[in-house]
Amino acid sequence: MRFGILSTAGIALESVVPAIQRSEHTAFALASRDGSRAERVAREHDIPRAYGSYEALLADEDVDAVYNPLPNALHAEWTKRAADHGKDVLCEKPLTGDATAARELFDYCAERDVTLMEAFMYRFHPRTERAVDVVERELGTVTSVDTAFSFRLDDEEDIRLDPDLAGGSVMDVGCYAVNAARLFLGEPRRVSAVTVDDRNAGVDTAMAAVFEYDDATARVASGFDRAQSQYYRVETEDGWLQADPAFGTDPTESITLEWHVDGRTVVEEFEPVDHYRVQVEAFADSVDAGEEPRITRGETLGNMRAIDAIYESAASGEAVAVDSDVQ
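Criteria and cut-off values
- Residues numbered from 1 in each chain as written.
- Predicted model: local features only at pLDDT ≥ 70, side-chain atom pairs only at ≥ 80, totals over all residues.
- Heavy atoms only, no water.
- Phe/Tyr/Trp six-rings, centres within 6.5 Å; stacked < 30°, edge-to-face > 60°.
- Helix = DSSP H or I, 4+ residues; strand = E, 2+ residues; numbered from the N terminus.
- Buried < 20%, exposed > 50% of the residue type's maximum accessible area, 1.4 Å probe, protein only.
- Pairing = 2+ DSSP bridges.
- Right-handed = clockwise from strand over helix to strand, strands pointing away.
- Salt bridge = Lys/Arg side-chain N within 4 Å of Asp/Glu carboxyl O.
- Axes fitted to C-alpha atoms, helices over the stretch in contact; angles between N-to-C directions.
- Left-handed = near helix turned anticlockwise from the far one by under 90°.
- Contact = heavy atoms within 4.5 Å.
- Nonpolar A, V, L, I, M, F, W, Y, C, P; charged D, E, K, R; others polar.
- Polar contact = N/O pair within 3.5 Å; in protein donor to acceptor, adjacent residues only side chain to side chain.

Participant: Would you mind going over the packing of aromatic side chains with me for this structure?
Facilitator: Pairs of aromatic rings are described using the distance from one ring centre to the other and the angle between the two planes. Here the structure, examined in full by the defined rule, presents 12 aromatic pairs. With a centroid separation of 6.1 Å and an interplanar angle of 65°, the aromatic rings of Tyr122 and Tyr176 are classed as edge-to-face. Of this pair, Tyr122 sits in the loop between strand 6 (116-119) and helix 6 (126-137) while Tyr176 sits in helix 7 (residues 169-185), and the two are 54 residues apart along the sequence. Here Tyr122 matches Tyr176 in class, with each residue buried. With 5.6 Å between their ring centres and 35° between their planes, Tyr176 and Phe247 make a pair best called tilted. Of this pair, Tyr176 sits in helix 7 while Phe247 sits in the loop between strand 12 (239-243) and strand 13 (255-261); the two residues are 71 residues apart in sequence, bridging distant segments of the chain. We classify Tyr176 as buried; its relative accessible area is 5%. Aromatic rings pair up to connect Phe120, Tyr122, Phe149, Tyr176, Phe184, Tyr232 and Phe247 into one cluster.

Participant: Looking at this model, I keep getting lost on the pairing of strand 5 (residues 88-92). Mind explaining?
Facilitator: On a regular strand, each side chain points to the face opposite its neighbour's, so the side chains alternate between the two faces of the sheet. Burial analysis of strand 5 places 5 of its 5 residues in the buried class, which makes it a mostly covered element. Side chains of strand 5 alternate between two faces, with Asp88, Leu90 and Glu92 and Val89 and Cys91 buried alike. Alignment of strand 4 (residues 65-68) against strand 5, held across 4 bridges, turns out to be parallel. The partner of Tyr67 across the bridge, within strand 5, is Leu90. In this fold, the crossover linking strand 4 to strand 5 by way of helix 4 (residues 75-84) has right-handed handedness. The β-α-β motif built from strand 5, the intervening helix 5 (residues 99-111) and the parallel element strand 6 has right-handed crossover chirality.

Participant: Any chance you could explain the pattern of salt bridges here in plain terms?
Facilitator: Note that side chains of opposite charge can pair when their charged atoms are close. All told, the structure shown has 26 salt bridges when counted by the stated rule. Look at the salt bridges and you will find they share partners, linking Lys93, Asp158, Arg160 and Asp172 into a network.

Participant: Please explain the packing of helix 7 against helix 9 (residues 297-316) as it appears in this structure.
Facilitator: Relative placement of two packed helices is described by the angle separating their axes and the distance separating the axes. Their axes nearest at 10 Å, the elements helix 7 and helix 9 cross at an angle of 115°. Here helix 7 and helix 9 pass one another in a crossing that is right-handed. Facing helix 7, whose interface residues are Val170, Met171, Cys175, Val178, Asn179 and Arg182, helix 9 presents Gly298, Glu299, Gly302, Asn303, Ala306, Ile307, Ile310 and Tyr311. Residues of the contact of helix 7 with helix 9, tallied by class, amount to 8 nonpolar, 4 polar and 2 charged.

Participant: Is there a simple way to explain the sheet that holds strand 9 (residues 206-212) in this structure?
Facilitator: What holds strands together in a sheet is hydrogen bonding between their backbones, with the strands either parallel or antiparallel. Across the sheet, which stays open at both edges, the 9 strands sit in the order 14-13-12-11-7-10-9-8-15 with mixed pairing between neighbours. The open sheet terminates on both sides in strands that have one partner only, identified here as strand 14 (264-270) and strand 15 (320-321). Sheet topology note: the strand 9/strand 10 (residues 217-223) ladder contains 7 bridges and is antiparallel. Each residue of the ladder has a partner; that of Val210, found in strand 10, is Arg219. Packing of helix 6 onto the sheet brings it into contact with strand 7 (142-152), strand 11 (225-236), strand 12, strand 13 and strand 14, and relative to strand 13 it is tilted by some 5°. Against the sheet, helix 7 makes contact with strand 7, strand 9, strand 10 and strand 11, and its axis sits at roughly 160° relative to strand 7, the strand it touches most.

Participant: For this particular structure, what's the right way to read the environment of Glu268?
Facilitator: Topologically, Glu268 is positioned in strand 14. Along the primary structure Glu268 and Phe120 are separated by 148 residues, whereas in three dimensions their C-alpha atoms are 23 Å apart. If we ignore the near neighbours within four places in the chain, the residues touching Glu268 are Arg130, Val134, Ile255, Thr256, Leu257 and Trp259. A distance of 2.9 Å separates the side chain of Glu268 from the side chain of Arg130, its partner in a polar contact.

Participant: Whenever I open this one, unusual backbone geometry confuses me. Can you help?
Facilitator: Of all residues except glycine, most have a negative phi; of all peptide bonds, most are trans. For the bond running from Lys93 to Pro94, omega is -15°, close enough to zero to count as cis. Here Pro94 shows up in the loop between strand 5 and helix 5. Of note, the bond from Asp244 into Pro245 is cis; its omega dihedral lies within 30 degrees of zero at 0°. Notably, Ser7 is not glycine yet its phi reads approximately 100°, a positive angle. Tracing the sequence through the fold places Ser7 in the loop between strand 1 (2-6) and helix 1 (10-22). Ser7 gets classed as buried once you look at its relative accessible area, which sits at 8%.

In structure tokens, the structure reads:
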């Protein structure tokens, strides 16, 4: 599969382009709003074609699929334009600003017979798959999940602090914690949340939420003003499981999964894995097979519904029911 890369975003150049190049697929074209920059970056990263506009890249009939790492507020617009050109799309998370927009985007792509997948790379790491297996097969009923993703964002001009670009800690890193809570407990019934904007940026710089289930709870947090922290811990009737770091793991380093049951503690080690590469390959395989990607429409909409509830609860100061009508 020949990928076109929309923009010179850091995650694209540092993580996804190298991952594509390490796979059997090709980082074939790159676009920037600055043509000279596109040409320079393409040369530096051994990308054959460069374009001075996103639309020009999309018009290239040799491009099979698009990786969309644009700012959050531009995901829907440029994913739709890619679909108009018949390009399948791997789009960075969060897919859109809310669940309704995500549903409309999936419908739009389906009408044009193109595949759309939200890029939650950590879900493709063997450690994550093993964690789900351990919880399902080795441990008892889950009683709670505690998960967070935070770091210190020092650049006051960073686009993640721009409300017009759908910034905020929830959208940037909190969506991972939301995803992890749902990975082990499914869809919450109600959400209680608090957000803080301590930089007067117009977006949340910290979030803490509680997800309510019939017989369990999840604590979910994110932030831009804390030391680096990214983990999930699953408590069960008879033990626990934890992963730390959980999401943005280094593809060149081994990582561990620790779990405890019946008085014994198990530490499993996983060899270095580029989960971005595995994600790219899984996406391409689903396109080739004409099958729904592993990160399904339902998975993305579930995450966005929970995020919508976080924002609604934080604004109202009350617990809110998660809207299950957006399918």
